[in-house]
Structure formats: C-alpha cells, structure tokens
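# Understanding the architecture of this molecule
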Amino acid sequence: MEPGRPALEVRFTRGRVVESRHRVHAVVADGSGEPVGSWGDGGWITVLRSVAKPFQALPLVADGAAHRFGLSEEEIALCCGSHNSEEVHMEAAASILAKAGVPATLLVCGAHAPLLAARRDELSAAGTPWTPLMCNCSGKHAGMLALAAFHGWPLRGYEGADHPLQRRMGRELASWTGAAPAEMVWETDGCGVPTFAIPLSGLARGVAHLAVAARSDGPPRRIVEAMTRHPFMVAGTGRLCTRLMEEEGGRVFAKVGAEGVYVAGDPERGLGVALKVEDGAWRAAPPALMAVLDRAGILSAGAREALGDFAEPSLRNTLGDEVGRVSVEESRCS
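Thresholds, definitions, all that
Per chain, residues are indexed from 1 in the order of the written sequence. Given that the model is predicted, a residue must reach a pLDDT of at least 70 before its local features are reported, and side-chain atom pairs must reach 80 or more before they are shown or counted; all residues, however, enter totals for whole chains, interfaces and linings. Just so you know, side-chain values use all the structure's heavy atoms and leave hydrogens and water out. To define axes, lines are fitted to C-alpha atoms, for helices over the stretch in contact only, and angles between the resulting N-to-C directions are given on a 0 to 180 degree scale. Each helix corresponds to a stretch of at least 4 residues labelled H or I by DSSP, and each strand to a stretch of at least 2 residues labelled E; elements are numbered beginning at the N terminus. Each angle receives one of four descriptions, namely roughly parallel if under 35 degrees, roughly antiparallel if over 145, roughly perpendicular if within 65 to 115, and oblique otherwise. Left-handed describes a crossing whose near helix is turned anticlockwise from the far helix through less than a right angle; right-handed describes the clockwise counterpart. Contacts are assigned to residue pairs with any non-hydrogen atoms lying within 4.5 Å of each other. Three classes are used, and their members are as follows: Ala, Val, Leu, Ile, Met, Phe, Trp, Tyr, Cys and Pro are nonpolar, Asp, Glu, Lys and Arg are charged, and the others, Gly among them, are polar. Here, the term disulfide refers to a pair of cysteine sulfur atoms separated by no more than 2.5 Å. Whether a residue is buried, partly exposed or exposed follows from its accessible area with a 1.4 Å probe, protein chains only, as a fraction of its type maximum: under 20%, in between, or over 50%, in that order. Each pair of strands is called paired provided DSSP finds at least two bridges between the two strands. Here a Phe, Tyr or Trp ring, Trp counted by its six-membered ring, pairs with any other such ring whose centre lies within 6.5 Å, and the pair is stacked when the planes are under 30 degrees apart, edge-to-face when over 60, and tilted otherwise. Charge-over-ring placement is defined geometrically: NZ (Lys) or CZ (Arg) within 6 Å of the ring centre, and within 35 degrees of the ring normal.

## Structural notes on the packing of helix α1 (residues 53-62) against helix α8 (residues 200-213)
Two numbers describe how α1 lies on α8: the axes approach to 11 Å, and their chain directions differ by 50 degrees. In terms of orientation, α1 lies oblique with respect to α8. In this structure, α1 crosses over α8, and the sense of that crossing is left-handed. On α8, the residues that touch P54, F55 and L58 of α1 are G206, V207 and L210. A class-by-class count of the residues in the contact of α1 with α8 yields five nonpolar, one polar and no charged.

## Observations concerning the state of the cysteines
Summed over the entire model, instances satisfying the criterion amount to zero disulfides. For the unlinked cysteine C80, the closest cysteine sulfur is that of C79, found at 6.6 Å. With a relative accessible area of 0%, C80 lands in the buried category. Note on C135: no disulfide assigned, nearest cysteine sulfur contributed by C109 at a separation of 4.1 Å.

## Notes on the sheet that holds strand β6 (residues 194-199)
As summarised here, the arrangement of the three strands in space is β4-β6-β5, forming an open sheet in which the pairing is antiparallel. What marks the edges here is a single partner per strand, and that holds for β4 (45-47) and β5 (185-188). Direction aside, neighbouring strands of the sheet carry axes that sit 30 degrees apart on average. Where β5 lies against β6, four bridges are found, and the strand directions are antiparallel. The residue bridging E187 from the neighbouring strand is T195, located in β6. Helix-sheet contacts for helix α7 (residues 164-177) involve β5 and β6, and the interaxial angle to β6 is about 20 degrees.

## Some thoughts on unusual backbone geometry
Unlike most non-glycine residues, R49 shows phi in positive territory, near 50 degrees. Take R49: it is sitting in the loop between β4 and α1. The phi angle at S85 is positive, at roughly 65 degrees, despite the residue not being glycine. Looking at the secondary structure, you find S85 in the loop between α3 (73-79) and α4 (87-100). Taking the relative accessible area as the measure of exposure, S85 reaches 0% and is therefore buried.

## What to know about the packing of aromatic side chains
Geometry of an aromatic ring pair is reported as the spacing of the ring centres plus the angle between the planes. All chains considered together, the criterion is met by two aromatic pairs. Their ring planes at 50 degrees and their centres at 6.4 Å tell us that F55 and W176 sit as a pair that is tilted. One end of the pair, F55, is in helix α1; the other, W176, is in helix α7, with 121 residues separating them in the sequence. F55 sits in the buried class, given a relative accessible area of 1%. On the accessibility criterion, W176 (15% relative accessible area) is buried. Judged by centre distance (4.8 Å) and plane angle (85 degrees), the ring pair of W186 and F196 falls under edge-to-face. Of the two residues, W186 is situated in strand β5 and F196 in strand β6; the sequence distance between them amounts to 10 residues. Accessibility expressed as a relative area gives 22% for W186, which makes it partly exposed. The exposure class assigned to F196 is buried, which follows from its relative accessible area of 1%. The lysine or arginine in question, R167, covers the ring of W186, its NZ or CZ lying 4.4 Å from the ring centre.

Following this line, the structure appears as structure tokens:
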C-alpha cells in the first residue's frame, strides 16, 4: 500500500465500452491512527450515516445499559446494523424495547419498505403495513431509547441534537475519530437522529482504533464480537456486511452506510478502512470495499473467492445473458 495514490474508479463496462464510472476515495489507517494506504482525497468530508452505528452502540455497553437490561449479543449486533426487516430483526428490536420498558410507539425512525426485495414482496402480499420496527435503523433507535431509559433522560425528543443522548453520541464519535467536537458537522440522518460529517481519514482512524481496542476485554470487544458472531443481525440475507463477516469467520468487521460509505476493521492487524463513493452510488460501494480490502491485504483468499459476485459482478440483460462487467481500477484523472 502507498498513501496518496489516485482515486479508485468503479467501472461498469458494457461489452467493450466503459458505460459508467464512480469515483472512490479510501483510507486505510493503522493502530496509531496514521494512514498507511490511501486513494483519492483522504480529507474528503464524509457524512457518516450508518457506518457510525458501531460507535453509537458503544455507550449502550460502556455505560452499563446493556448489562442492566440483559441485552443479548444478537440484540447488540442489531444496534450496530442496518437490517433487512426480516422477522428475526424485527423481533430483536422489539425485545430491546421490551427489556428497557420502552413502548415501540416512541420510535421516531419512521417506516419504510424492507431493503430486501423478497421480504418486501412477502409483506406486501400479506397486506402487512410498514412500521417503525421494519425501519433498517430500528435496532439503533431501540438501543438509543434503552440508553436514555437507563440514564433517566427524557424518552420523547431523544432525536434532538441538544438531547443528552445525542450529545453523548457526539462525544463518543469525537473520542474515537480524533475529531474536535466543535468541528464535527451535525446534520440529520435519514432516520431522524443526528449524523456527523468528518474527514474520511478521521473515520478510518476511528475504525482502526476500534479494531485495536477490540483485542482487549471491554466494550469495544463486545461490540465487535457481537457483530462478527452474529453478522446476520447487522444486515441479513444477501448483504455484503453479513457475507463478509461470515466468510472471514470473525476476523473482519464491516458496516455499510447510505450514499456509498463503507468501513471495515481488522483487529488482528490493527487496521481500519473507510471509503466514500463520491457520487453516492450504492451499487459501487461493495466492489469498492472488496477492492480496498484486497489491496490492503485484509481480504482472505477464501473470502475473495466466495464473494466474487460482490467484487466483480457481471451485468446481465433481461434474457440472462452476460453483457458487461464491473471492475475497480485507479482513476486516470487526479
């Protein structure tokens, strides 16, 4: 790896023609937080979106709420996840709230159709209405409400930037990433609670610090072990977060965020990876992550082979014929 290489491009090629390009910035940081590999602009201001969830779940464990309410590892993993709204995900979110004595009516994450098309079709055919428990962020919100209940903070209005819960989240992110709290940009996430914008290098630093901390007993290890022991709770059927952690057998943790953000950590080597697809294309994020993990020496040979459809998916037409490929290369433009 070399710091300061050109940005990566995820290229969608139809036959002999490069039809689309998605520019990607990425940083690999070591345990000291220093970049040991980068492509594109490591200073790219990145809205963290759902890659912040493992950090946002840390106070739930560190402050003692998970212990008091008897949350399982599966439930802690769900707090870190962006799930498919499969039955086990919805049950776990409801269980977190029940253990904390919080009614589901207080969830402010809103309702949307499941991310998994098969699940969406199943529920639509049954005439099941979308509910906040189906929201892919319901685990995070349930965990936030449990933490508020533990501290005796107001449950209503927990989404507000000035609520003590959200101030706690901001301090947690700042402590891991090294971002000055006053310099973090606070915006509203898709699920209604605050999200944060920091340089991509700071995000990679935070993931690397989390990876190193997970080697020792304590809240970081509990978060990482929850994710890697129960990867289905982090995403679900057919999702790269889940598949990657399954294939790597707990050696790597990973989390996707909206608008083409991805992070991954390797506790054994003390490495953290963060990337941002510049145009926000969701479809470009999995190939980009696979390419960066491979270039960083994090991806195992077995995972590379098993997850080939994420790394270099084929493009097929409505007849099922292969008409193109996806690849990741260094950009020809700086």
